[in-house]
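Summary of the model geometry
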Amino acid sequence: MVTENSSAVVTSSYKPLLPLEERRASGLVGLRVRRHLASKRPWCIMVRQGTVKRCVVALLLLTIVSIFCYAHYLISSPFSSLIRRDSRPEPSIRCAILTGATRVPAVAHDHRSAARLRIDAKVLVFVETTYSRLGREIAELLVYNRIKYKVEVSGKSLPVLTNLDKGKYGVIVFENLNKYLQMDKWNRELLDKYCREYSVGIVGFNPPSEETLVGAQLRGFPLFIHTNLRLKDAALNAGSPILRLTRAGETAWGALPGEDWTVFSPNHSTYEPLAWATRNSEDFLSEETTRVPLPTVLQDHGVYDGIQRVLFGGGLRFWLHKLLFLDSLSYLSHGQLSLSLQRFLLVDVDDIFVGERGTRLKKDDVVALLATQQRIQQLVPGFRFNLGFSGKYFHHGTSEENLGDDMLLGKLLMDFQSILIVICNDPVMQVVLFQEHGIPVDSGYSIAPHHSGVYPVHELLYEAWKRVWNIRVTSTEEYPHLRPARLRRGFIHRNIMVLPRQTCGLFTHTIMIERYPGGREKLDETIQGGELFQTIVYNPINIFMTHMSNYGNDRLALYTFESVIKFLQCWTNLRLTTAPPLQIGERYFQLYPEEGDPVWGNPCDDGRHQKIWSHNKTCEQLPRFLVIGPQKTGTTALYTFLSMHPDISSNFPSPDTFEEIQFFNGKNYYRGLDCLLSSTWLLICVYLQVTILISPARRAYSWYQHTRAHGDQVALNYSFHQVITASDTAPKPLRELRNRCLNPGKYSQHLERWLSYYPPQQLHIIDGDQLRSNPVETMNELQRFLKIQPPFDYSTHLRYDPKKGFFCQVINGDHTKCLGRSKGRQYPPMEDKSYKLLQRYYLSHNTALVKLLKRLGYRSVPQWLKDDLSDTVTA
Ligand code: A3P
């Protein structure tokens, strides 16, 4: 039997030798030669076909194992740095303007107008539904930039557009342009008239549609569209007057997000493109077709119908559109909605000496840090990394890393700004350490490790900061909540400015660029128009926290900040700058003075906040519900009736007023939650408000009588009518009395503010008239709302007292105990002219209250509200 292998040999030796040409032709020459060689290297060549496969597989396996070993063992070894250094990416932003290849001057148009404007700096946004995606994105962008806005669902009747002789909105935005084009004639004419009269512009987004339209005309306009396109390579019209924040000159290379773009084809001189893009070559189009720039954002100068517009052929998913949208608002509002172009940048490095051995900075890392700082200074004048130093962990690395520490310490004073990291348990020891190292302790800026105590406020920390370090400014990501970033705010507590910190995605564990959450691609995305880029665009003041480990190894932080700064320079006209933390803090509260007062959230609402709250403070110490009615609405009656319940206890009365502790409207508020904790409460259920409302006109009159009874000289000297009609030129004490008398009755305004912090389900509104005439029913409803089990039987504990003219507590079987003399006073009825005047005064507030009650789900409105709104009833 001949085996496959032996047969080849046999065959070749068996064949008679042919002449050379014939052998060549038959391939036998090669065969013989190969066989000859094979006999010399039998392992490689003289193998069967199956063995070759095995050989290849073995090689492959060997390669995979080698890669595995490299990844798992070498990366953490001391040799790793040698290997990784070569792969350290350099910041590379494709920008012809920065390299000087394109010369497009940076022109930030000033949109302010010399004309007398009659519009408010507010945007009216028409959305398709309250849940539509683009509508939400628009609202978020406006919130981020602190631009005031109102959202209306398209298709309903128009909201009121004017207030006296002033336009309530500076720009109108349509999430779906078709909703504007298809508006019913009446509303459309009304809206267009408003826009012309008040010189208000419109922004419209052309929506994606299932049907592809080619050359379709926009209803009523000399403008044609082509929809559902895939586009690439967006560029801007450098001559457009809209560009302010956005800088033209570069192309956003690559495919634009989405496959449902609309491009415009205008047929009138009123239109001017603001941005173009080209067709995506993947669509099998000729090269010429893919080169033609197609307008994706179009400006309507208003030549055609007297209204200026900006039309977008895509939504806000494309980052550049977000910038163009902000510029459009600025342009169309004649600068009323222009954002400042100055951006402060502060990059903190949380303790520069904290890091695991093997991941700490070496000398060449310190050199790189300084070199990058110098390069950034070319773009951001005065920029210096703000290095943190706790006084601990110095010289905790390898010998090479300790040399890096020495170099850093030497440079700390000269080349960087230094910040303090407070170690809460022994600040005095820390001062000694700082002095030993010659580190100045007067920067006035500090951050607390793990945010502990900054918010929710830990009074001891503030005490230590003030006493030991003379700290004036700090920063946190936690106030009022960690998420979402666009809602972060600042506050001042005990004269220490707490600034909101932004997020850059660099954490202690992101040591390598590849380990950035989502990898290098994600990092580049966030830099090039993504989250980090936008954060700086939207925030006038940016404070970023980074960590030492982000600066060693492949120097992720240096890559990130240099890149994003370059990208900002390339695409925006922002003026990047920096200042010492104290100045930045002062600037922040100049920009946002309304943020000075803190908003004390409930730390027990948030697991993270609760965790870092001091151990000796417990959620049980906080009140579970608050009575928030204004004075003279029946709050004492409600308070007294609630206190009758064996399961409810209230705070002790204030030692000064013997009434409620006046937390929200007095100095107690500035003492923080600790003030509430020091009052005694017993808890029932969740954190709720109960508020009482009576006729604001009657409340004002009752309050005036109350003030007279307390001997207030101004109230005694002026009649009620004189008080409520006092003009703005009246003596100050009279004006103050008037305001204190009238302002609390603007219920809708006050309730809206509460509702911006608490969901409507947590609010229970009590009709003060019902509390007075039928307290049993009112208390039963309240018990149901508070879910008190078992309910207290008020019918046997409250009784009408004819002498007092009010319901009082039943005590000792047959006796009643009424509220004091100051509650339920006897006084002459209000004059009719005063009531009529107050009816008119509160008309808009009462109308808003009716709307609010309906929105909150109340089926009927109180009788007093109906009476106040009718013009037939007298006092
Ligand atoms: P008047 O004294 O003007 O009648 P407050 O406690 O918030 O300051 O409110 C005082 C008002 O509570 C009183 O105003 C009174 O009308 C009202 N009220 C309601 N129920 C009452 C009750 N059972 N006893 C006394 N006053 C009551």
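Residues numbered from 1 in each chain as written. Predicted model: local features only at pLDDT ≥ 70, side-chain atom pairs only at ≥ 80, totals over all residues. Heavy atoms only, no water.

1. A look at the overall build of the protein chain
Note the following rule: Secondary structure elements are defined from DSSP: runs of H or I of at least 4 residues count as helices, runs of E of at least 2 residues count as strands, and each element is numbered from the N terminus. Only protein chains enter the accessibility calculation, which uses a 1.4 Å probe; a residue whose area is less than 20% of its type maximum is buried, one above 50% is exposed, and one in between is partly exposed. Where accessible areas are quoted, they stem from the Shrake-Rupley method and a 1.4 Å probe; at the residue level, only the protein chains shown are allowed to cover.
Within the protein chain, the regular secondary structure consists of 33 helices and 29 strands. Buried residues in the protein chain amount to 49% of all 875 residues. Surface exposure of the protein chain reaches about 43900 Å², of which carbon and sulfur atoms provide 55%.

2. Some words on the sheet that holds strand 8 (residues 223-229)
Neighbouring strands of a sheet are bound in pairs by backbone hydrogen bonds; such pairs are parallel or else antiparallel. Quick reminder of the rule: A strand pair is defined by DSSP finding two or more bridges across the two strands. Here an angle of 0 to 180 degrees is reported between the N-to-C directions of two axes, which are lines fitted to C-alpha atoms, with helices fitted over the stretch in contact.
What the three strands build is an open sheet, ordered 7-8-11; its pairing is antiparallel. The two strands at the open ends of the sheet, each matched to only one other strand, are strand 7 (214-217) and strand 11 (261-266). Taking the axes of each pair of neighbouring strands and ignoring which way they run, one obtains an average angle of 35 degrees across the sheet. As judged from the three bridges shared by strand 7 and strand 8, these two strands associate in the antiparallel manner. Bridge pairing in strand 8 links Ala 216 to Ile 225.

3. Quick notes on helix 20 (residues 581-591)
Note the following rule: This arc corresponds to the set of directions leading from the helix axis out to the C-beta atoms.
Along helix 20, the positions that sit buried rather than exposed are Pro 581, Ile 584, Gly 585, Tyr 588 and Phe 589. Each buried residue of helix 20 lies within a common arc of 130 degrees when the element is viewed along its axis, so the set occupies one face.

4. Concerning the environment of Arg 279
Here is the rule: Contacts are assigned to residue pairs with any non-hydrogen atoms lying within 4.5 Å of each other.
Looking at the secondary structure, you find Arg 279 in strand 12 (residues 271-279). Measuring from C-alpha to C-alpha, the distance between Arg 279 and Leu 294 comes to 7.9 Å, with 15 residues separating the pair along the chain. Contacts of Arg 279, omitting those with residues within four sequence positions, involve His 226, Leu 229, Arg 230, Leu 231, Lys 232, Leu 285, Thr 289, Thr 290 and Leu 294.

5. A few points about the packing of helix 15 (residues 427-437) against helix 16 (residues 459-469)
We apply this condition: Crossings are assigned a handedness: left-handed for a near helix turned anticlockwise from the far helix by less than a right angle, right-handed for a clockwise turn. Throughout, the ten residues Ala, Val, Leu, Ile, Met, Phe, Trp, Tyr, Cys and Pro are labelled nonpolar, Asp, Glu, Lys and Arg are labelled charged, and all others, Gly among them, are labelled polar.
Viewed as axis vectors pointing N to C, helix 15 and helix 16 meet at an angle of 35 degrees, and their least axial separation amounts to 10 Å. Pair helix 15 / helix 16 crosses with right-handed handedness. Contacts between helix 15 and helix 16 involve Pro 427, Gln 430, Val 431 and Phe 434 on the former and, on the latter, Ala 464, Val 468 and Trp 469. For the contact of helix 15 with helix 16, the class distribution of residues is six nonpolar, one polar and no charged.

6. A word on the sheet that holds strand 14 (residues 309-312)
The nine strands lie next to each other as 2-1-5-6-14-13-12-9-10, forming an open sheet whose pairing is mixed. For this open sheet the edge positions go to strand 2 (148-153) and strand 10 (251-255), each flanked by a neighbour on one side alone. Taking each pair of neighbouring strands and ignoring which way they run, the sheet shows an average axis angle of 20 degrees. Of the strand pairs in this sheet, strand 9 (residues 231-236) and strand 12 are connected by four bridges, and their pairing is antiparallel. Residue pairing across strands places Leu 231 opposite Arg 279, the latter belonging to strand 12. Strand contacts of helix 8 (residues 133-144): strand 1 (122-127), strand 2, strand 5 (171-174) and strand 6 (201-205), with the helix running at about 165 degrees to strand 1, the strand carrying the most contacts.

7. Focus on the packing of aromatic side chains
The condition is simple: Each Phe, Tyr or Trp ring (for Trp, its six-membered ring) is paired with any other whose centre lies within 6.5 Å, and the angle between the two planes then decides the class: stacked below 30 degrees, edge-to-face above 60, tilted in between. The rule for a charge over a ring is simple: NZ of Lys or CZ of Arg within 6 Å of the ring centre, and within 35 degrees of the ring normal.
Per the counting criterion, the structure on display carries 36 aromatic pairs. Ring plane angle 25 degrees and centroid distance 4.9 Å describe the contact between Phe 205 and Phe 312, whose orientation is recorded as stacked. A residue pair is termed long-range when its members are at least 10 positions apart, and Phe 205 in strand 6 and Phe 312 in strand 14 qualify at 107 residues. Each member of the pair Phe 205 and Phe 312 is classed as buried. The rings of Trp 261, Phe 318, Trp 319, Phe 533, Phe 567 and Trp 571 are connected pair by pair, giving a single aromatic cluster. Cation over ring: Arg 146 sits above Tyr 592, and NZ or CZ is 3.6 Å from the ring centre. Looking at Arg 188, its charged tip hangs above the ring of Tyr 180, at a distance of 4.1 Å from the centre.

8. As for the pairing of strand 6
When you tally the buried positions in strand 6, you get five out of five residues, the bulk of the element. Side-chain alternation along strand 6 places Gly 201, Val 203 and Phe 205 on one buried face and Ile 202 and Gly 204 on a second face that is also buried. For strand 5 and strand 6, the ladder comprises four bridges, and the chain directions are parallel. Paired with Val 171 across the two strands is Gly 201, which belongs to strand 6. In this sheet, strand 14 lies alongside strand 6 in parallel orientation, the contact comprising four bridges. When the sheet's bridge partners are listed, Ile 202 is paired in strand 14 with Arg 309.

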